[in-house]
Amino acid sequence: MKKSTPNIDFMMKFVKAFVDKKKDRLDLDCDFNYQLMQRYAKMCRENEPVAEAFVYYISDVFDESDNMSDSELRRKINYGYKQVLDMLSGNVY
């Protein structure tokens, strides 16, 4: 049985909405760090390697995004999203 990961799932849906253009850059800028700060410890309890990968592949990209266009940020976050999704699916290289 798959362990419940509501906080990881929330953050994955949050960034996917930006990638899919359902949220704009302002939504991401205003809410991303707040949501991650509220959920990170819980994400670690749910699945620490996935939580760490989320920070590495998505949060670190977001933190370096000031000079990125929206499309470049979407592309890089989408790459990270796919890496984390692979980990959640058990597909680790």
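Remember, predicted model here, so these are calculated numbers, not experimental data.

Teacher, can you tell me more about the packing of aromatic side chains here?
Any two aromatic rings considered together are summarised by their centre-to-centre distance and by the angle between their planes. Here the structure, examined in full by the defined rule, presents 6 aromatic pairs. Arranged with centres 6.3 Å apart and planes meeting at 40°, the rings of Phe14 and Phe32 form a pair that is tilted. Of this pair, Phe14 sits in helix α1 (residues 6-19) while Phe32 sits in helix α2 (residues 25-63), and the two are 18 residues apart along the sequence. Here Phe14 falls in the buried class, since its relative accessible area comes to 5%. Here Phe32 falls in the buried class, since its relative accessible area comes to 1%.

Before we go on, may I ask you to explain the environment of Arg75 in this structure?
Structurally, the position occupied by Arg75 is in helix α3 (residues 70-88). The sequence separation of Arg75 and Leu88 amounts to 13 residues, and the corresponding C-alpha distance is 20 Å.

Sorry, what's going on with the packing of α2 against α3 here?
Describing two packed helices takes the angle between their axes plus the distance from one axis to the other. Two elements in contact, α2 and α3, have axes whose closest approach is 14 Å; the angle formed by their N-to-C orientations is 20°. By the criterion of interaxial angle, the relationship of α2 to α3 is roughly parallel. Relative to α3, α2 is oriented so that their crossing is left-handed. Residues Arg25, Leu28, Pro49, Val50, Ala53, Phe54, Tyr57, Ile58, Val61 and Phe62 of α2 touch α3, and the partners they reach there are Asp70, Leu73, Lys76, Ile77, Tyr79, Gly80, Tyr81, Gln83, Val84, Met87 and Leu88. In terms of residue class, the contact of α2 with α3 is made up of 16 nonpolar, 2 polar and 3 charged.

Quick notes on the rules
Residues numbered from 1 in each chain as written. Predicted model: local features only at pLDDT ≥ 70, side-chain atom pairs only at ≥ 80, totals over all residues. Heavy atoms only, no water. Phe/Tyr/Trp six-rings, centres within 6.5 Å; stacked < 30°, edge-to-face > 60°. Helix = DSSP H or I, 4+ residues; strand = E, 2+ residues; numbered from the N terminus. Buried < 20%, exposed > 50% of the residue type's maximum accessible area, 1.4 Å probe, protein only. Axes fitted to C-alpha atoms, helices over the stretch in contact; angles between N-to-C directions. Parallel < 35°, antiparallel > 145°, perpendicular 65-115°, else oblique. Left-handed = near helix turned anticlockwise from the far one by under 90°. Contact = heavy atoms within 4.5 Å. Nonpolar A, V, L, I, M, F, W, Y, C, P; charged D, E, K, R; others polar.

Geometry only, nothing functional implied.
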